[in-house]
Amino acid sequence: MHRLRHPLSLLLIALLVMVGVLRSYSSPQPVGADAPDVVFSAVRAEAILNGLLKENVPHVSGSPFNTVVRNRVVAHLESSGYEAQYQSRFHCNPEFGSCSPVDNIIAVKPGSEGKHAVLITAHYDSGWAGPGAADDGAGTSAILEIARMAADFPPFKNDIIFLLSDSEENGLLGADAFAEHHPLFGKVKAVINLEARGVTGPSAMFETGEGNRSIIRMFSKSVDRPVANSLIYEIYKTMPNDTDYSVYKRKGVMGVNFAFAQGVPVYHSAIDDIDHLDLGSLQHHGDNSWGMLKALGERNIGAITSREDAGYVDIFANRLVHYPVSITGGVALFLGVLVMIAIFIAFRREFRFRQLRWGLLAIPFLLISIAAGGYLLSWPLGHWPDLHPLEHPYPWVGRLAIFLMLALAGYSTLKLFSGRVSACAWMILAWGIIFTLGMTLTSKLPSASHIALLPLGMFALGSVADLLRKKSPAPLLLASLLGFATATFISFYHFFMLDVVMNFDQSHVKAVMFWLMALTVMPMLLAFVKDRELNWQPARWLLVAILALCVLHLFLPGYTAERPRAMTLMYSEVEGEDTGYIVLESVYKRHDKKYARVHAFEMAELNSGRLGTVNRPVRKVSPLGLQGISLEDLGSRQEEGGYTRDIKLDLPEKTPMLRLTIPLDVELSKAWVNGELALDTSIETKHRRGNYRLQLINAGSGPVNIRLQSGSADAYTIAAVTWHELPAILVSPFMGNWPQDAQPFGYGPRAEKIQEFTLQ
Ligand SMILES: [Zn+2]
């Protein structure tokens, strides 16, 4: 039997792999301002960002502060020697039913051939609650620094278009305006987009266009610190998230989309400011996009789209392993058969079929214990404490609890099945499962095949060396070690990946990531304990340690000043009602209960402004009598394609937002705002529609003409919400003991007027 000196060496391998994997989840050191000017420096980019966001306030598109930021962006481009141009229009993106003024800023570095163009882009507008230093000030300042660097370079083959887009936050409006109306878009064959969904972490390449084989190869060669995993891309495709690149991708343009995504609680919050931005993330953004820009600038990008996709994963942010998906089926079959043959040769003398019986019990026992252990842990680690739904500020205690739970599940399996299951039987079954997983992935999700193919490949490689060695100390030891190390890599990579998509309330999902590692480590452990007597004492100690960690975890805050809970004070009133409400708004109802109690907020059912109701903690006040819209229904008439209804409405002075909600049973097909197509429900969207929505952001005041085309002639009720500035005097009594760990988020503080109109 093959044997290790001591299983501690396996622990050491696992720890080393984990440290390596953590490099894929960290950002590089920022480069100082004294670096040569052809090197991207995050410190220089930060200085640019400091200038752009001097006032440290939100600057939604169409707001006066966004004009200030816009002028500063233009001044930067001009000081680098570019002629900056504007693309200004009132634009609607019919996918989202959203309209706002758009001021895109464009600069071009002409290429020596200039037949095609590379578009490098980030949005300079912010969300409603914060200044948007990370989202997307980081991208904006990185591009301004890169534009400065590129200016001194001799021309690339292709044109380089720098686009600082506007109004991304309101529904990708700037990008849509550029793609639909700007003459330069026709030249664009490749896009580099910079985004953020947090304030720290690596700038990961998380999305490309269809047929990415060629650009992935280029990415692997052009970037020093690649962080990318095609499984993330597959997951992202199913998420309701969008970036400017969604617009270009839909038009079939190839691209690479970079974002950092750690520190999620700060994203779209009031403290997405420069103090909370990780300069390492900014550095990584710059290094990635500068590397890609130089490569794409020189490349014949007319043929950048390949016939097929690639699967890929980075190894310790050092190297990108990538493969065309078309070969995965053949490779999986080849490796799987090789692994099975190797195991057969190694164990041909001692193997008996009946050995497999206990293995068929032991393997499910281990896998189910891991999932069940994770499920049990999800209560003390995730359900009882007050946690952000996605990310924990102090994750290591919870992680350690999960690791010890894995050890407990593994030890219990050894104790129960040692002597019954041979290492050889386990090895056959475990690698058979991984082989099956590989075959399934290659047909269902080929770009994620590396999850199984990498461990299979390393095991196969090791087994060749093992079988060639004359006097092997133990059959397939090297194969087992390599297979285990690679499976551990896959396990840790995906375990940490889940940290920014789910918290410890989903610990079972996090634990399941270690199935691969557990499957591959057991044969070596079984061989080690074969002739030893195991007792339950170590299991008891593990259990005590896990419980202690769970208790410790309960004392760790789920929110901190640096990773705050989302909590906004806003005001809401409905026309015709004699009560107004100060509302404590919080994502996922994670408001501070003590604060709500101290200020006597009570749960109440409110008009949501979306033709429904919501339950929120509120304080009742007498209504402010905010000005809403006035609406004139000009009636509907039957036309080709359905019923067309014209509405004329008057916007109150300076309202930053008007949102109309129209019920689904109206069967709306299209809507126009002042003659511009604003909503087209036939456009496929990643978002689920509860109602139809039309929103006008910073659209000025006065009359607006709206035309609705629907399939139904029945009368229906629509809701209109208009925003106003929140009167400071209204909320100042509640600001005195505002919790340290809470910050406005999303739409931020505002006063809402809700009206409902029945259209006959
Ligand atoms: Zn953004």
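Above: the structure in question.
Procedures and definitions
Residues numbered from 1 in each chain as written. Predicted model: local features only at pLDDT ≥ 70, side-chain atom pairs only at ≥ 80, totals over all residues. Heavy atoms only, no water. Core = buried A, V, L, I, M, F, W, Y, C linked by side-chain atoms within 4.5 Å. Buried < 20%, exposed > 50% of the residue type's maximum accessible area, 1.4 Å probe, protein only. Helix = DSSP H or I, 4+ residues; strand = E, 2+ residues; numbered from the N terminus. Contact = heavy atoms within 4.5 Å. Axes fitted to C-alpha atoms, helices over the stretch in contact; angles between N-to-C directions. Parallel < 35°, antiparallel > 145°, perpendicular 65-115°, else oblique. Left-handed = near helix turned anticlockwise from the far one by under 90°. Nonpolar A, V, L, I, M, F, W, Y, C, P; charged D, E, K, R; others polar. Donors = N, O, S within 2.8 Å, 3.2 Å for Na, K, Ca; no water. Tetrahedral: all angles 85-135°; square planar, octahedral: opposite > 155°, others 65-115°. Phe/Tyr/Trp six-rings, centres within 6.5 Å; stacked < 30°, edge-to-face > 60°.

Q: Sorry if this is basic, but what is going on with the nonpolar core here?
A: Across soluble globular proteins, you tend to see nonpolar side chains buried next to one another. Within the largest apolar cluster, 87 residues are counted, with the highest numbers of intra-cluster contacts made by Trp426 and Phe492. The biggest single contributor to this core is helix H17 (residues 515–529), with twelve residues. What Trp426 contacts, discounting residues up to four positions off in sequence, is Ala362, Ile363, Leu366, Thr413, Val421, Leu519, Met522, Pro523 and Leu526. Counting residues in hydrophobic clusters, the runner-up holds 64 residues, among them Val74, Leu77, Ala107 and Ala138.

Q: It is not clear to me how the packing of helix H13 (residues 423–444) against helix H14 (residues 450–468) should be interpreted in this structure. Could you clarify?
A: When two helices pack together, their arrangement is given by the angle between the helix axes and the distance between those axes. Relative orientation of the contacting elements H13 and H14 amounts to 135 degrees, with a least axis distance of 8 Å. Taken together, the axis directions place H13 and H14 in an arrangement best described as oblique. Crossing hand, H13 versus H14: left-handed. Where H13 abuts H14, its residues Met427, Trp431, Ile434, Phe435, Leu437, Gly438 and Leu441 lie against Ile451, Ala452, Pro455, Leu456 and Phe459. Of the residues in the contact of H13 with H14, the class split is eleven nonpolar, one polar and no charged.

Q: Would you mind showing me how to read helix H5 (residues 173–181) here?
A: Within an α-helix, residues lying three or four positions from one another point in the same direction, as the helix has 3.6 residues per turn. Buried residues dominate H5, accounting for seven of its nine residues. Taken together, the buried positions of H5 are Leu173, Gly174, Ala175, Asp176, Ala177, Phe178 and Ala179. In this structure, the buried residues of H5 make contact with strand E1 (85–93), strand E2 (98–109), strand E3 (117–123), strand E4 (159–165), strand E5 (188–196) and helix H8 (244–250).

Q: Sorry if this is basic, but what is going on with the coordination of the zinc ion here?
A: Ideal geometry at a metal gives 109.5 degrees between four tetrahedral donors and either 90 or 180 degrees between six octahedral ones. The coordination sphere of the zinc ion, as far as protein atoms go, consists of His123 (NE2), Asp135 (OD), Glu195 (OE) and Glu195 (OE), spread over 1.9 to 2.5 Å. Its four donor atoms give the zinc ion angles of 54 to 139 degrees at the centre, a pattern that matches the irregular case. All donors of the zinc ion come from a single chain, and their spacing in sequence reads H-x11-D-x59-E. Of this pair, His123 sits in strand E3 while Glu195 sits in strand E5, and the two are 72 residues apart along the sequence. Among the residues examined, His123 registers a relative accessible area of 1% and is labelled buried. By relative accessible area, which is 4% here, Glu195 ends up buried.

Q: Please explain the packing of aromatic side chains as it appears in this structure.
A: The description of an aromatic ring pair rests on the distance of the ring centres and on the angle between the ring planes. If you walk through the whole model with that rule in mind, you get 28 aromatic pairs. Relative to Trp290, the ring of Phe153 has its centre 5.1 Å away and its plane inclined at 90 degrees; by these criteria the two rings are edge-to-face. Placement of the pair is Phe153 in the loop between helix H4 (133–151) and E4 and Trp290 in helix H9 (residues 279–298), with a sequence separation of 137 residues. Its relative accessible area of 26% is what places Phe153 among the partly exposed residues.

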